Amino acid sequence: IMSYSHFYKWTFFILLVVIILSNILDMIDKVAIVDKATPKDHVSLSSDNVLDEAMELRVNVVAKALANSRYKIYAFQSWERAHTQNHITKARRVESEKYIVYRCRGTCGGLGDRLQGIHSTFLLAIALRRKFRIDFQFPCDLYSVLGENYEPWHEPDTPTGDTRILSAIDYYENCGDIIFAEPTREYSDDYTMISEQKSAEMSFNEKYPEQVVIISTNQMWTQTFYKDPRYHKALTDLGFNMNYFTDGTIFRETYNHLFKLQPNMQRALATFMARARPNKDIQLVCAQIRMGHNPSVPQDETKRNKKEWLPLLWDFLSLYNISRKYKLFVTTDSQEVREQSQRLFPDVLHDTEGRITHIDRYDNQSEACKGMEKTILDFTILSKCDILVVSRSNFGTYSAKLRSPLAKLYTFQEGVIHEGFYYDRSGKVFDRDTKTFRYNCSMAECPPIADTRCRE
């Protein structure tokens, strides 16, 4: 008969083996996350904390790897919040009294365009180790709806000092040239470009020696920061991992570093989410429907979607017209489309209050200012959705870049609903007859890929 001492020894030994095996299996599981990545997504496994390394993967890869584990998705979200705060905050220990100021005091584009400009100019301030301010006064002060998070970007007055004012609104064929292009090419004796040997800060200061540089732009410069060797090195020296320096990844980080909702907007969001997602079993399905020129925003000269394409979208959303499982949110620039969605989905639809406006294309400034609250609230709600359909617009695109890594994303454009962003044709296409996503976009008549020089 086994003595008590031997019994306890063997019990302890068995428990120890179980713990060791559990840790090994957990490690294998974490490494599997990395193994699911494409070759360019791979990261080093030399770190003691493999999970932290795995979180450097692109969001869509992480989402697939973590799809069946709530614990790990919570770990990912906690890591991401900490990483966003520390990653950029360390680079923002700025002692310089020079400034980069993003300015919008007139026509700058819609919210998505303006966020592009803010993102680009903030990255410029980071690379040049300058202080950053946002001067967003049209149709009203951005600070009334979005407050400072980790960056002191709001000041009532523009910083004083010698000033240069630059404008780069649209002109995508010359994307970023106002900052990155060299006015002249100088060569050394061995024909090596001297400009390529200069640092980003030296090149910029020679071009714009003023203490305060104010920039109005709606261009996206992420790719240029990556490709330009001067700025690539500057950001690398500040601790950025340029292997993951994509528009989607870095926009999410800069937005969360700069902004948080003001208290009144936080209350509005909490009130909406309490109705739209009353318990953890309810999924929130959202659609952003950009029509372009229509009676609600007659100043918008562009046409994005046609009325005859809408039945396809309604058929897709009807799959989620089950009140015990789903709630629906529709944001649009058309009152007609808004009312149509209310008639079609009365049992599941939740709306936000307010009149439809376009903050850059509206005659009544006071109405546009009120509408900006609804615009920011709708933008934030889209980022919280479990299933998201967006139109080809910067408003929808950048809200989608802030979404959860587990959220499904589709794009509605040119009479087609396909997986992924508007510039990605690799996803499947919604088949209206079978109500499934069956065909690869390369096998269907999908919209052409847009020029992406100023985008991801």
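Since the model is a prediction, treat every value here as computed from it, not as a measurement.

This part is about the pairing of strand β2 (residues 131–136). Across the six residues that make up β2, a large majority, five, are buried. In terms of strand pairing, strand β1 (residues 99–104) meets β2 through six bridges, oriented parallel. Following the sheet pairing, Y102 is matched in β2 by I134. In this fold, β1 hands off to helix α5 (residues 111–128), which returns the chain to β2; that crossover is right-handed.

Glancing now at the side chain of E151. Its location among the elements puts E151 in the loop between β3 (146–148) and β4 (163–168). E151 sits in the buried class, given a relative accessible area of 5%. In terms of polar contacts, E151 uses its side chain to reach the side chain of H257, at 2.9 Å.

Turning our attention to the packing of aromatic side chains. By the definition in use, this model includes 25 aromatic pairs. Seen from their ring centres, Y143 and W153 are 5.8 Å apart, and the 75° between their planes marks the pair as edge-to-face. Remark: W153 occurs in the loop between β3 and β4 and Y143 occurs in the loop between β2 and β3; sequence separation between them is 10 residues. Its relative accessible area of 30% is what places Y143 among the partly exposed residues. Under the relative-accessibility criterion, W153 is labelled buried at 0%. Ring centres 5.4 Å apart and planes at 55° place the aromatic pair F430 and F437 in the tilted group.

Analysis parameters
Residue numbers run consecutively from 1 along every chain, following the written order of its sequence. Owing to the predicted nature of the model, reporting of local features is limited to residues with pLDDT of at least 70; listing and counting of side-chain atom pairs is limited to 80 or more, with chain, interface and lining totals taken over all residues. Each side-chain value is derived from all of the structure's non-hydrogen atoms; neither hydrogens nor water enter the calculation. Throughout this description, buried means an accessible area under 20% of the type-specific maximum (1.4 Å probe, protein chains only), exposed means over 50%, and partly exposed covers the range between. Put simply, DSSP H or I for four residues or longer makes a helix, DSSP E for two residues or longer makes a strand, and each gets a number counted from the N terminus. Think of it this way: DSSP has to see at least two bridges between two strands before they count as a pair. A clockwise path from the first strand over the helix to the second, with the strands pointing away from the viewer, defines a right-handed crossover. Any N or O atom pair separated by 3.5 Å or less is treated as a polar contact, with the protein-specific requirement of one donor-capable and one acceptor-capable atom, and with residues adjacent in sequence counted only for side-chain atom pairs. Aromatic contacts are taken between Phe, Tyr and Trp rings whose centres are within 6.5 Å, Trp giving its six-membered ring; a plane angle under 30 degrees counts as stacked, one over 60 as edge-to-face, and the others as tilted.

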